[in-house]
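Summary of structural features
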Amino acid sequence: KPIPFSTSKASHKTWTVDRSFGSEYQRPWWKVLPISAICITFLLWCIFRKESDIDAQLDRKLYEHLPELLPESERNEPDVHPKEDS
């Protein structure tokens, strides 16, 4: 006779995340804290850092870096959208 799913240990009524890892599973604080601190520090650095020349280069379009990628017909056309100085 098959076991009904609703009464098995895999049922959503009895299954928990803690149970899948084991009853005593917990990451030690000395493993979690340094990783968390590094991630938070990196995110704060990304938010508050000043813009550099590299950021300006990354903002440019690919065809400004490598105009030879444009088809011949588009190379000599004037830019329809002039750059805005900000």
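Numbering of residues begins from 1 in every chain and follows the order in which that chain's sequence is written. In view of the model being predicted, local features appear only for residues whose pLDDT reaches at least 70, and side-chain atom pairs are presented and counted only at 80 or more, with totals across whole chains, interfaces and linings using the full set of residues. With hydrogens and water set aside, each side-chain value is computed from the structure's full complement of heavy atoms.

1. Let's talk about the overall build of the protein chain
- To qualify as a helix, a DSSP run of H or I must reach at least 4 residues; to qualify as a strand, a run of E must reach at least 2; elements of each kind are numbered from the N terminus. What the protein chain contains, in helices and strands, is 5 helices and 0 strands.
- Secondary structure elements in the protein chain, listed N-terminal to C-terminal, are α-α-α-α-α.
- Each residue gets one of three labels from its accessible area relative to the maximum for its type: buried under 20%, exposed over 50%, partly exposed in between, using a 1.4 Å probe on protein chains only. Relative to its 86 residues, the protein chain shows a buried fraction of 5%.
- Of the roughly 9,000 Å² of accessible surface on the protein chain, a fraction of 61% belongs to carbon and sulfur atoms. To measure how exposed things are, a 1.4 Å probe is used in the Shrake-Rupley method; for residues, cover is taken only from the protein chains shown.

2. Some remarks on helix H2 (residues 29-48)
- Under the 1.5 Å per step criterion, the end-to-end length of H2 is 28 Å for 20 residues, consistent within 8% with the ideal 28 Å.
- Little of H2 sits out of view: just 0 of its 20 residues are buried. The span one expects for a helix is its residue count, reduced by one, times 1.5 Å.

3. Thoughts on the pattern of salt bridges
- When a carboxyl oxygen of Asp or Glu is within 4 Å of a side-chain nitrogen of Lys or Arg, the pair counts as a salt bridge. Inspection of the entire model under this criterion finds 2 salt bridges.
- Residue aspartate 55 is joined to arginine 49 by a salt bridge in which the shortest nitrogen-to-oxygen separation is 2.8 Å.
- Exposure remark for arginine 49: the relative accessible area of 35% places this residue in the partly exposed category.
- Among the salt bridges present, the one from arginine 60 reaches glutamate 64, with a minimum N-O distance of 3.6 Å.

4. Topic: a nonpolar patch on the surface
- Patches in this entry comprise residues that are over 30% relatively accessible and not in a salt bridge; like charges within 9 Å are linked, as are nonpolar side chains (Val, Leu, Ile, Met, Phe, Trp, Tyr) within 5 Å. The grouping of Ile40, Leu44, Ile47 and Phe48 at the surface amounts to a nonpolar patch, some 460 Å² of accessible area in total.
- A residue is classified by how much of its surface remains accessible, and phenylalanine 48, at 64% relative accessible area, is exposed.

5. Here's the deal with the confidence of the model for the protein chain
- The pLDDT score gives, residue by residue, the confidence of the prediction method on a 0 to 100 scale. For the protein chain, mean pLDDT is 77; residues scoring 70 or higher make up 71% of the total.
- Confidence, read as mean pLDDT per element, is least for helix H1 (residues 17-21) in the protein chain (65) and greatest for H2 (92).

6. Some remarks on the side chain of aspartate 55
- The topology assignment puts aspartate 55 in helix H3 (residues 53-59).
- Excluding its chain neighbours within four sequence positions, the residues that come into contact with aspartate 55 are Arg49 and Lys50. For this analysis, residues touch if any pair of their heavy atoms sits within 4.5 Å.

7. Quick notes on the environment of phenylalanine 5
- Mapped onto the elements, phenylalanine 5 comes out in the segment before H1.
- For phenylalanine 5, a relative accessible area of 52% corresponds to the exposed category.
- Other than its neighbours up to four places away in sequence, phenylalanine 5 contacts Ala10 and Ser11.

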